[in-house]
Amino acid sequence: DMTALHSQLGKLDKQSGQLCRKYPPQAPRIMGKMREAQENWERLEDLASARRVKLEDANQLHKFLTEAKEHSNWCNNLVTSMTSGDLANDVLEAEELLAIHQERKAEIDGRKPHQSQLVEYGENLVHQKHYSSSEISKTVQHLEEVWTTLNMTWEDKKQQLTQCYDLQVYEE
(Lines give C-alpha, C1' and ligand atoms only; values in the text may rest on other atoms or scores of the structure.)
Protein backbone atom coordinates (compact mmCIF):
# COMPACT_ATOMS: atom_id res chain seq x y z
CA ASP A 1 0.00 0.00 0.00
CA MET A 2 1.48 3.30 -1.13
CA THR A 3 0.14 5.23 1.86
CA ALA A 4 1.83 2.89 4.32
CA LEU A 5 5.11 3.13 2.42
CA HIS A 6 4.91 6.92 2.35
CA SER A 7 4.27 6.94 6.08
CA GLN A 8 7.34 4.76 6.63
CA LEU A 9 9.40 7.13 4.49
CA GLY A 10 8.30 10.01 6.71
CA LYS A 11 9.39 8.06 9.79
CA LEU A 12 12.75 7.29 8.16
CA ASP A 13 13.23 10.98 7.39
CA LYS A 14 12.57 11.89 11.01
CA GLN A 15 14.90 9.16 12.26
CA SER A 16 17.63 10.19 9.83
CA GLY A 17 17.48 13.74 11.23
CA GLN A 18 17.81 12.42 14.76
CA LEU A 19 20.72 10.15 13.76
CA CYS A 20 22.52 13.02 12.01
CA ARG A 21 22.32 15.11 15.20
CA LYS A 22 23.41 12.20 17.35
CA TYR A 23 26.30 11.10 15.05
CA PRO A 24 27.52 14.21 13.16
CA PRO A 25 30.49 12.45 11.51
CA GLN A 26 28.06 9.97 9.90
CA ALA A 27 25.61 12.69 8.78
CA PRO A 28 26.72 12.79 5.10
CA ARG A 29 26.34 9.03 4.78
CA ILE A 30 22.96 9.04 6.57
CA MET A 31 21.71 11.90 4.40
CA GLY A 32 22.94 10.09 1.27
CA LYS A 33 20.93 7.01 2.22
CA MET A 34 17.91 9.20 2.92
CA ARG A 35 18.24 10.85 -0.53
CA GLU A 36 18.50 7.38 -2.05
CA ALA A 37 15.31 6.31 -0.24
CA GLN A 38 13.55 9.51 -1.39
CA GLU A 39 14.63 8.92 -5.01
CA ASN A 40 13.40 5.33 -4.83
CA TRP A 41 10.10 6.60 -3.46
CA GLU A 42 9.75 9.05 -6.36
CA ARG A 43 10.51 6.28 -8.89
CA LEU A 44 7.90 4.09 -7.20
CA GLU A 45 5.34 6.91 -7.40
CA ASP A 46 6.11 7.36 -11.11
CA LEU A 47 5.70 3.63 -11.73
CA ALA A 48 2.43 3.56 -9.80
CA SER A 49 1.16 6.55 -11.74
CA ALA A 50 2.08 4.94 -15.06
CA ARG A 51 0.37 1.73 -13.94
CA ARG A 52 -2.79 3.66 -13.03
CA VAL A 53 -2.85 5.24 -16.49
CA LYS A 54 -2.33 1.84 -18.15
CA LEU A 55 -5.12 0.31 -16.07
CA GLU A 56 -7.47 3.15 -16.98
CA ASP A 57 -6.63 2.68 -20.66
CA ALA A 58 -7.28 -1.06 -20.35
CA ASN A 59 -10.57 -0.32 -18.60
CA GLN A 60 -11.63 2.04 -21.39
CA LEU A 61 -10.72 -0.56 -24.01
CA HIS A 62 -12.64 -3.29 -22.19
CA LYS A 63 -15.68 -1.05 -21.77
CA PHE A 64 -15.66 -0.08 -25.44
CA LEU A 65 -15.13 -3.60 -26.78
CA THR A 66 -17.80 -5.06 -24.49
CA GLU A 67 -20.39 -2.48 -25.49
CA ALA A 68 -19.43 -2.81 -29.15
CA LYS A 69 -19.83 -6.58 -29.03
CA GLU A 70 -23.22 -6.35 -27.32
CA HIS A 71 -24.41 -3.78 -29.85
CA SER A 72 -23.08 -5.75 -32.80
CA ASN A 73 -24.76 -8.92 -31.51
CA TRP A 74 -28.04 -7.06 -31.12
CA CYS A 75 -27.79 -5.78 -34.71
CA ASN A 76 -26.92 -9.23 -36.07
CA ASN A 77 -29.76 -10.88 -34.14
CA LEU A 78 -32.23 -8.36 -35.51
CA VAL A 79 -30.95 -8.90 -39.07
CA THR A 80 -31.35 -12.65 -38.59
CA SER A 81 -34.90 -12.27 -37.32
CA MET A 82 -35.80 -10.03 -40.27
CA THR A 83 -34.35 -12.38 -42.87
CA SER A 84 -35.80 -15.56 -41.44
CA GLY A 85 -39.51 -15.38 -41.70
CA ASP A 86 -42.33 -16.49 -43.92
CA LEU A 87 -44.48 -14.17 -45.93
CA ALA A 88 -48.17 -13.64 -45.30
CA ASN A 89 -50.88 -15.86 -46.75
CA ASP A 90 -53.69 -13.34 -46.35
CA VAL A 91 -54.28 -9.60 -45.92
CA LEU A 92 -54.66 -9.75 -42.13
CA GLU A 93 -51.38 -11.61 -41.72
CA ALA A 94 -49.67 -9.20 -44.14
CA GLU A 95 -50.89 -6.22 -42.08
CA GLU A 96 -49.65 -7.89 -38.89
CA LEU A 97 -46.20 -8.56 -40.37
CA LEU A 98 -45.95 -4.93 -41.54
CA ALA A 99 -46.88 -3.70 -38.05
CA ILE A 100 -44.26 -5.94 -36.43
CA HIS A 101 -41.70 -4.73 -38.94
CA GLN A 102 -42.55 -1.12 -38.15
CA GLU A 103 -42.01 -1.87 -34.45
CA ARG A 104 -38.55 -3.11 -35.34
CA LYS A 105 -37.87 0.22 -37.01
CA ALA A 106 -38.84 2.02 -33.82
CA GLU A 107 -36.45 -0.26 -31.93
CA ILE A 108 -33.67 0.49 -34.43
CA ASP A 109 -34.32 4.23 -34.22
CA GLY A 110 -34.26 3.96 -30.43
CA ARG A 111 -30.78 2.42 -30.60
CA LYS A 112 -29.42 5.02 -33.02
CA PRO A 113 -28.14 7.37 -30.26
CA HIS A 114 -26.31 4.44 -28.65
CA GLN A 115 -24.73 3.58 -32.01
CA SER A 116 -23.60 7.18 -32.47
CA GLN A 117 -22.23 7.45 -28.93
CA LEU A 118 -20.36 4.17 -29.26
CA VAL A 119 -18.74 5.17 -32.55
CA GLU A 120 -17.86 8.60 -31.13
CA TYR A 121 -16.36 7.04 -27.99
CA GLY A 122 -14.21 4.73 -30.12
CA GLU A 123 -13.07 7.57 -32.38
CA ASN A 124 -12.17 9.66 -29.32
CA LEU A 125 -10.01 6.83 -27.99
CA VAL A 126 -8.22 6.65 -31.34
CA HIS A 127 -7.68 10.44 -31.41
CA GLN A 128 -6.25 10.23 -27.88
CA LYS A 129 -3.65 7.79 -29.26
CA HIS A 130 -4.91 4.87 -27.16
CA TYR A 131 -2.42 2.01 -27.09
CA SER A 132 -4.95 -0.20 -28.92
CA SER A 133 -6.02 2.36 -31.54
CA SER A 134 -5.74 -0.14 -34.38
CA GLU A 135 -8.16 -2.60 -32.78
CA ILE A 136 -10.51 0.23 -31.80
CA SER A 137 -10.52 1.59 -35.37
CA LYS A 138 -11.39 -1.84 -36.75
CA THR A 139 -14.19 -2.19 -34.21
CA VAL A 140 -15.59 1.24 -35.08
CA GLN A 141 -15.54 0.30 -38.76
CA HIS A 142 -17.27 -2.99 -37.96
CA LEU A 143 -19.96 -1.16 -35.95
CA GLU A 144 -20.64 1.16 -38.86
CA GLU A 145 -20.84 -1.77 -41.30
CA VAL A 146 -23.20 -3.75 -39.06
CA TRP A 147 -25.40 -0.69 -38.58
CA THR A 148 -25.56 -0.07 -42.33
CA THR A 149 -26.41 -3.73 -42.95
CA LEU A 150 -29.16 -3.56 -40.33
CA ASN A 151 -30.78 -0.52 -41.92
CA MET A 152 -30.47 -1.90 -45.44
CA THR A 153 -31.97 -5.21 -44.32
CA TRP A 154 -34.86 -3.36 -42.72
CA GLU A 155 -35.51 -1.42 -45.93
CA ASP A 156 -35.34 -4.58 -48.07
CA LYS A 157 -37.72 -6.43 -45.75
CA LYS A 158 -40.09 -3.45 -45.72
CA GLN A 159 -40.23 -3.52 -49.50
CA GLN A 160 -40.77 -7.28 -49.51
CA LEU A 161 -43.57 -7.09 -46.93
CA THR A 162 -45.23 -4.20 -48.75
CA GLN A 163 -45.17 -6.15 -52.01
CA CYS A 164 -46.59 -9.18 -50.21
CA TYR A 165 -49.36 -7.03 -48.73
CA ASP A 166 -50.17 -5.58 -52.15
CA LEU A 167 -50.32 -9.10 -53.60
CA GLN A 168 -52.67 -10.31 -50.84
CA VAL A 169 -54.95 -7.30 -51.36
CA TYR A 170 -54.93 -7.94 -55.12
CA GLU A 171 -55.72 -11.64 -54.67
CA GLU A 172 -58.71 -11.00 -52.35
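Residues numbered from 1 in each chain as written. Predicted model: local features only at pLDDT ≥ 70, side-chain atom pairs only at ≥ 80, totals over all residues. Heavy atoms only, no water.

Caption draft 1: Representation of the packing of aromatic side chains within the structure. Under the criterion given, the structure shown has one aromatic pair. A centroid spacing of 6.2 Å and a plane angle of 45° characterise the contact between Phe64 and Tyr121, whose relative ring orientation is tilted. Here Phe64 is found in helix H2 (residues 27-83), whereas its partner Tyr121 is found in helix H3 (residues 91-127), with 57 residues between them in sequence. (Phe/Tyr/Trp six-rings, centres within 6.5 Å; stacked < 30°, edge-to-face > 60°. Helix = DSSP H or I, 4+ residues; strand = E, 2+ residues; numbered from the N terminus.)

Caption draft 2: Region of the structure containing the nonpolar core. Grouped together as the largest cluster of nonpolar side chains are ten residues: Trp74, Cys75, Leu78, Val79, Met82, Ile108, Val146, Trp147, Leu150 and Trp154. Within the residue set of this core, elements represented by two or more residues are H2 and helix H4 (133-171). No other element matches H2, which puts five residues into this core. Phe64, Val119, Ile136 and Leu143 belong to the second largest nonpolar core, which has nine residues in total. (Core = buried A, V, L, I, M, F, W, Y, C linked by side-chain atoms within 4.5 Å. Buried < 20%, exposed > 50% of the residue type's maximum accessible area, 1.4 Å probe, protein only.)

Caption draft 3: Local environment of the pattern of salt bridges. Summed over all chains, the structure comprises one salt bridge. Residues Lys105 and Asp109 are paired through a salt bridge, measuring 3.6 Å at the closest nitrogen-oxygen approach. Here Asp109 and Lys105 lie together in helix H3, a separation of four residues that amounts to about one turn. On the accessibility criterion, Lys105 (18% relative accessible area) is buried. Note on Asp109: relative accessible area 41%, which makes it partly exposed. (Salt bridge = Lys/Arg side-chain N within 4 Å of Asp/Glu carboxyl O.)

Caption draft 4: Summary view of unusual backbone geometry. In this model, Lys129 sits at a positive phi of 60°, which is unusual for a non-glycine residue. As for its placement among the helices and strands, Lys129 is situated in the loop between H3 and H4. The exposed category is assigned to Lys129, whose relative accessible area is 70%.

Caption draft 5: Structural context of a negative patch on the surface. Residues Asp86, Asp90, Glu93, Glu95, Glu96 and Glu172 make up a contiguous surface patch of negative charge. Looking at the element boundaries, Glu172 is found in the segment after H4. Residue classification places Glu172 among the exposed residues on the basis of a relative accessible area of 69%. (Patch = residues over 30% accessible without salt bridge, like charges linked within 9 Å, V, L, I, M, F, W, Y side chains within 5 Å. Areas by Shrake-Rupley, 256 points an atom, 1.4 Å probe, with all protein chains shown as cover. Lys, Arg positive; Asp, Glu negative; His and termini not counted. Charge placed at Lys NZ, Arg CZ, Asp CG, Glu CD.)

Caption draft 6: Region of the structure containing the packing of H2 against H4. Running from N to C, H2 and H4 cross one another at 20°; their axes reach a closest spacing of 10 Å. Classed by the angle they form, the pair H2 and H4 counts as roughly parallel. For H2 against H4, the interelement crossing comes out left-handed. Here the contact of H2 with H4 is built from residues that sort into 16 nonpolar, eight polar and two charged. (Axes fitted to C-alpha atoms, helices over the stretch in contact; angles between N-to-C directions. Parallel < 35°, antiparallel > 145°, perpendicular 65-115°, else oblique. Left-handed = near helix turned anticlockwise from the far one by under 90°. Nonpolar A, V, L, I, M, F, W, Y, C, P; charged D, E, K, R; others polar.)

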